[in-house]
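Here's the letter readout for the chains.
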Amino acid sequence: MTEVVGVKFREVGKVYYFDPDKMKIEKNTKVIVETARGIECGDVVVSNKMVKDEDIVPPLKKVIRVATNDDLKKIEENKIKEKKAFDICKKKIVEHKLEMDLVNVEYTFDSSKITFYFTSDGRVDFREIVKDLASVFRTRTELRQIGVRDEAKMIGGLGMCGREICCSAYLDGFRPVSIKMAKEQGLSLNPAKISGTCGRLMCCLKNEQDVYEHLLKVTPKVGAVVKTSDGKGTVTEVNMLKGTLKVRLDKNPDAAPKAFTRREVKLIRDGQIKLSREEIDAMKDIEN
């Protein structure tokens with residue numbers, strides 16, 4: 001077992017373990033640590049605790065110190081420098097006539113490195129602009145291309161539900177989301193209705209998938225053959241959350257389907273949820 005503290009470098013980001021170096025560090029304390037990117041300032045979100053050695057990614061770096069008032073002042077200075085660097089980089093992009101959109105700029109705590117995050121529809125040869133920016137800022141300079149989901153996470157915004165988008169509100173990483181999930185949840189396969197601000201499938205589809213997977217096991221699907229109190233029939237419509245379904249009875253196929261609950265029918269042969277080639281082609285641009 002090893003004693004660690006958990007540190008985050010973004011409000012919504014992954015938790016990294018560090019050796020507290022015999023210090024008792026309370027939650028919500030800012031600390032200075034060494035990372036692969038350089039010296040950084042992070043927030044302690046997990047105070048001292050013991051974890052199994054196999055849960056640690058070696059080598060375990062030590063906390064250098066609890067942030068001082070001078071450290072906090074430097075963080076604020078870095079934020080001001082980042083805003084200025086953002087404007088300078090935007091101008092350089094125009095000067096070099098590059099097809100790229102600048103999203104964010106980050107300095108490491110000790111200003112030993114500056115990273116520019118951008119999006120682009122294709123590959124960008126940014127070697128010349130890197131040289132140009134390095135000559136301006138006189139520090140290690142990196143341009144990093146990110147995807148549209150990362151862009152949404154950095155910028156933030158509101159989803160169609162009216163709440164802050166999941167990725168910038170609480171998700172510490174992206175999970176795979178598929179068209180099949182939308183199909184299984186009975187959603188309209190309309191890109192405008194199931195895609196987020198990033199233009200990809202909404203992350204919340206994943207949040208609800210476990211519930212739907214359970215309901216799919218206990219609820220006959222559309223096309224299923226079932227036995228009812230009125231005889232055998234075929235399921236034509238399902239409301240998974242309410243647990244209701246409509247059945248077209250074999251003895252009177254021209255009549256309107258009759259409503260039943262899932263408990264009122266006995267499954268003879270289940271239906272299948274399949275994506276057609278047309279649906280796959282129509283949705284391929286918004287799937288991960």
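Notes on the structure in this doc start here.

Criteria and thresholds
Residues numbered from 1 in each chain as written. Predicted model: local features only at pLDDT ≥ 70, side-chain atom pairs only at ≥ 80, totals over all residues. Heavy atoms only, no water. 1 Å grid on protein atoms, 1.4 Å probe; cavity = no way out; pocket = protein on both sides within 12 Å on 5 of 7 lines; lining within 4 Å. Points joined across faces, edges and corners; volume = space filled by probe spheres on them. Helix = DSSP H or I, 4+ residues; strand = E, 2+ residues; numbered from the N terminus. Nonpolar A, V, L, I, M, F, W, Y, C, P; charged D, E, K, R; others polar. Pairing = 2+ DSSP bridges. Axes fitted to C-alpha atoms, helices over the stretch in contact; angles between N-to-C directions. Contact = heavy atoms within 4.5 Å. Core = buried A, V, L, I, M, F, W, Y, C linked by side-chain atoms within 4.5 Å. Buried < 20%, exposed > 50% of the residue type's maximum accessible area, 1.4 Å probe, protein only.

On to the layout of surface pockets. Each pocket or cavity is described by its volume, and for the largest pocket that value is around 2,000 Å³. Taken together, 50 residues line the largest pocket, and the ones lying closest to its centre are Phe9, Arg10, Glu11, Arg37 and Glu106. Contributions of two or more residues to the lining of the largest pocket are made by strand S2 (16-18), strand S3 (30-35), strand S4 (38-51), helix H1 (69-95), strand S6 (101-107) and helix H3 (148-155). Residue contributions to the lining of the largest pocket peak at 7 residues, all from H1.

With that settled, consider empty space enclosed by the protein. If you roll a probe as big as a water molecule over the atoms, it shows you where there is empty space left. A full pass over the atoms with the stated rule returns 1 cavity of 30 Å³ or more. Taken as a whole, the largest cavity holds about 30 Å³ of empty space. Along its surface, the largest cavity is lined by Arg149, Leu171, Gly173, Arg175, Val177, Cys203, Lys206 and Asn207. For the lining of the largest cavity, the per-class residue count stands at 3 nonpolar, 2 polar and 3 charged.

The next point concerns the sheet that holds S3. The sheet built from 5 strands is open, its strands ordered S2-S1-S4-S3-S5 with antiparallel pairing. The open sheet has two edge strands with one neighbour each: S2 and strand S5 (63-66). Looking at each pair of strands side by side, their axes are set apart by 45° on average, direction ignored. In terms of strand pairing, strand S1 (residues 2-8) meets S4 through 6 bridges, oriented antiparallel. Bridging across to S4, Lys8 finds its partner in Asp43. Seen against the sheet, H1 touches S3, S4 and S5 and runs at an angle of roughly 70° to S3.

The next point concerns the sheet that holds S6. Read across the sheet, 3 strands follow the order S6-S7-S8 without closing on themselves; strand pairing throughout is mixed. Both outer strands of the open sheet, S6 and strand S8 (140-145), are each paired with one neighbouring strand and no more. Recorded for the sheet is a direction-independent mean angle of 20° between the axes of neighbouring strands. Looking at chain direction, strand S7 (residues 113-119) and S8 are connected through 6 bridges and run parallel. When the bridges of S8 are listed, Thr115 appears paired with Glu142. Contacts from helix H2 (residues 127-137) reach S6, S7 and S8 within the one sheet, and its direction differs from that of S8 by about 140°. The strands touched by H3 are S6 and S7; relative to S6, the strand with the most contacts, the crossing angle is about 60°.

A word on the nonpolar core. Within the largest apolar cluster, 17 residues are counted, with the highest numbers of intra-cluster contacts made by Ile93, Met100, Phe116, Leu133 and Leu143. If one sorts the elements of this core by residue count, H2 sits on top with 4 residues. In terms of nonpolar packing, the next biggest core, distinct from the first, is built from 9 residues, Ile179, Met181, Ala182 and Ile194 among them.

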